[in-house]
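Structural features, examined
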Amino acid sequence: MYAVKNQTTQPIQDFPVFNNWNEVAYGWYYALPSKELPIGGVRSLQLCGQELVIFRGEDGKVGALDAYCPHMGTHLGKGKVIGNSVRCFFHHWQFNTEGTCIKVPCQNEIPAKAKVPFYSVTEKYGSIWVYPDANPKHQLVDFPEIEDHKNTIIHFGQSYERTCHHHVTMINGIDPQHLKTVHSLDIEMKVDIAEPEAGNLMDITLTGKIGEGNLFEKISKFFLGPEYSYSMRYDHGNNGFLTLMKDVYFFGKKWPTLHMIFAYRPIAKGRILVQPIFVTKKRSGPFGRLIERALIMMTKMGFNSLQGEDGEVYENMRFYPGTLLSIDRPVAQYIQYVNKLKSSPWKLP
């Protein structure tokens, strides 16, 4: 009924989308860094079980198509960019970003069925994202604190794999109980949860007073102040936008917030790829660049503190929320939110 390490089983009826390897929900899926696809570049990519070809035309726009030419099935990833289209290696049929064949060299007439399914693409946070449909119902979201995503510094962390469903591992940041039991943070958390009408988002903010029961808490209180707050914005249940150090003051001055993205991409049933992306606002001048580097480094330290044994727990968990407590309200509401998401035509192998 749920995924265990190196094992997949059938989902139960109560959870049509959550933790269900047979469903790929609509959403924006991380493909690759934008800098890895220059003008004229062609890349083959398996995304959520789909074989795709991604290319950048001379106009700088990116196209994402099903990978196989409708003529004889040649993989278009072996082709070449001509103008703003990708040309099949074998017979030189050309397809634009909307999958329409615009040229067949051996004749003037183009067959009506000479089309390839195409998918919507967006570029944001230094990355290329693909949606499992030509017409996305929602755009990839922003951090609430960073609306101008183009005015940012981006650093990519090392991607890694997990053998548990991303819906399960994304619960880690909104589980107040384990902050005390695993991380020795005795914080009574106040939880604010909002689900905008659009249906693709869920915002959770956790705020609490830091205790003084151990040395770690005392150090945290000295640097962070009496209260600690962080928030998670979920986008389509497969991307997590985490903001740390909210409303933190040090010697009377407010500290900048830290931002990271957890971009999850299912690879196959029982396997996901996680791409951490660290984000901070651009600042002017040499001193500003030093601040940028320091904030990125602090964000990476925060990310590293969230990994390790927590990940091992989820990979070996037979997840079933059989006895949830009132403190588990964020987890319960997150599960309900994910189960409202719509399933796409994409399927995992």
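Residues numbered from 1 in each chain as written. Predicted model: local features only at pLDDT ≥ 70, side-chain atom pairs only at ≥ 80, totals over all residues. Heavy atoms only, no water.

Quick notes on the sheet that holds strand β6 (residues 85–87)
For the record, the criterion: Criterion used throughout: strands pair if DSSP finds at least two bridges between them. Counting from the N terminus, the helices are the DSSP runs of H or I reaching at least four residues and the strands are the DSSP runs of E reaching at least two.
Read across the sheet, four strands follow the order β5-β6-β7-β8 without closing on themselves; strand pairing throughout is antiparallel. Both edges of this open sheet fall to β5 (80–82) and β8 (101–103), since each of them pairs with a single strand only. With three bridges joining them, β5 and β6 adopt antiparallel strand pairing. Pairing of I82 across the sheet is with S85, part of β6.

Notes on the packing of aromatic side chains
What counts here: Only Phe, Tyr and Trp rings are paired, with Trp represented by its six-membered ring, and only when their centres lie within 6.5 Å; those with planes under 30 degrees apart are stacked, over 60 edge-to-face, the remainder tilted. The rule is simple: take the accessible area with a 1.4 Å probe, protein chains only, and divide by the maximum for that residue type; under 20% is buried, over 50% is exposed, in between is partly exposed.
A complete count under the given rule lists 15 aromatic pairs for this structure. Centroid distance Y160 to F303: 6.2 Å. Interplanar angle 50 degrees. Geometry classified as tilted. Taken together, the residues span a long stretch of sequence, with Y160 in strand β13 (residues 160–162) and F303 in helix α4 (residues 285–306) at a distance of 143 residues. Each of the two residues, Y160 as well as F303, counts as buried. Note on F262 and F303: the rings are 5.9 Å apart at their centroids and 35 degrees apart in plane angle, and the pair reads as tilted.

A closer look at the nonpolar core
Worth spelling out the cut-off: We call a set of buried residues a nonpolar core when its members are Ala, Val, Leu, Ile, Met, Phe, Trp, Tyr or Cys and they connect through side-chain atoms within 4.5 Å of each other.
One finds F18, I54, V130, Y234, Y334 and W346 to be the most contacted residues of the largest nonpolar core, which totals 59 residues. Grouped together as the second largest cluster of nonpolar side chains are 16 residues, W28, W129, I277 and V279 included.

Remarks on the pattern of salt bridges
Rules: By convention in these notes, a salt bridge is any Lys or Arg side-chain nitrogen within 4 Å of a carboxyl oxygen on Asp or Glu.
Counting across every chain of the model gives seven salt bridges. Close ionic contact of R233 with D203 constitutes a salt bridge, the shortest N to O distance being 2.7 Å. Of this pair, R233 sits in strand β16 (residues 227–235) while D203 sits in strand β15 (residues 201–209), placing them 30 residues apart in sequence. One exposure class covers both R233 and D203, and it is buried.

So, the confidence of the model for the chain
Rules: The score called pLDDT rates the predictor's confidence residue by residue, from a low of 0 to a high of 100. In what follows, a contact means two residues having at least one pair of non-hydrogen atoms within 4.5 Å.
Looking at the chain as a whole, its pLDDT mean stands at 86, while 85% of the residues score no less than 70. Predicted confidence for residues 1–13 stays below pLDDT 50, and this span has 32 contacts to residues more than four positions away or in other chains.

Things to note about the pairing of strand β4 (residues 62–66)
Of all five residues making up β4, four are buried, and the element is well covered by its neighbours. Across five bridges, the pairing between strand β3 (residues 50–56) and β4 is antiparallel. In the strand pairing of β4, I54 is matched with A64. Connecting β3 to the next strand, β4, in antiparallel fashion are five residues, including G60 with a positive phi near 85 degrees. Here two bridges tie β4 to strand β9 (residues 118–119), and the two strands are oriented antiparallel to one another.

Description of the environment of Q333
Relative to the helices and strands, Q333 resides in helix α6 (residues 329–339). Considering only alpha carbons, one finds Q333 and I204, 129 residues apart in sequence, at a separation of 10.0 Å. The residues contacting Q333, other than those within four sequence positions of it, are I193, E195 and M202.

Focus: the pairing of strand β20 (residues 258–268)
Of all 11 residues that make up β20, 11 are buried, and the element is covered over most of its length. Pairing analysis gives six bridges linking strand β17 (residues 239–244) to β20, with the strands arranged antiparallel. Considered in β20, the bridge of F241 is made with I261. Bridge count between β20 and strand β21 (residues 271–281): nine bridges; the pairing is antiparallel. If you follow Y264 over to β21, its bridge partner there is V274. Turn length for the β20-β21 hairpin, with the two strands adjacent in sequence and antiparallel, is two residues, and the turn residue G270 shows positive phi of about 95 degrees.

Quick word on a nonpolar patch on the surface
The following threshold applies: Patch membership needs two things, relative accessible area over 30% and no salt bridge, and members are linked within 9 Å if like-charged or within 5 Å if nonpolar (Val, Leu, Ile, Met, Phe, Trp, Tyr). Note on areas: these come from Shrake-Rupley sampling with a 1.4 Å probe, and a residue is covered only by the protein chains present in the view.
On the surface, a cluster of nonpolar side chains totalling about 380 Å² of accessible area is made up of M72, F89 and F90. Structurally, the position occupied by F89 is in the loop between β6 and β7 (94–95). By relative accessible area, which is 55% here, F89 ends up exposed.

Some words on α6
Counting buried residues along α6, eight of its 11 residues qualify, which places the element largely inside the surrounding structure. Where α6 is concerned, the buried positions are P330, V331, Q333, Y334, I335, Y337, V338 and N339.

Some points on the side chain of S229
Spelled out, the test is: Two N or O atoms form a polar contact when they lie within 3.5 Å of each other; inside protein one atom must be a possible hydrogen donor and the other a possible acceptor, and for residues adjacent in sequence the pair counts only when both atoms belong to side chains.
Position of S229 relative to the elements: it lies in strand β16. By relative accessible area, S229 is classed as buried at 5%. A polar side-chain atom of S229 sits 3.0 Å from a polar atom in the side chain of T207. With residues up to four places along the chain from it excluded, the contact list for S229 reads T205, L206, T207, L244, M245 and K246.

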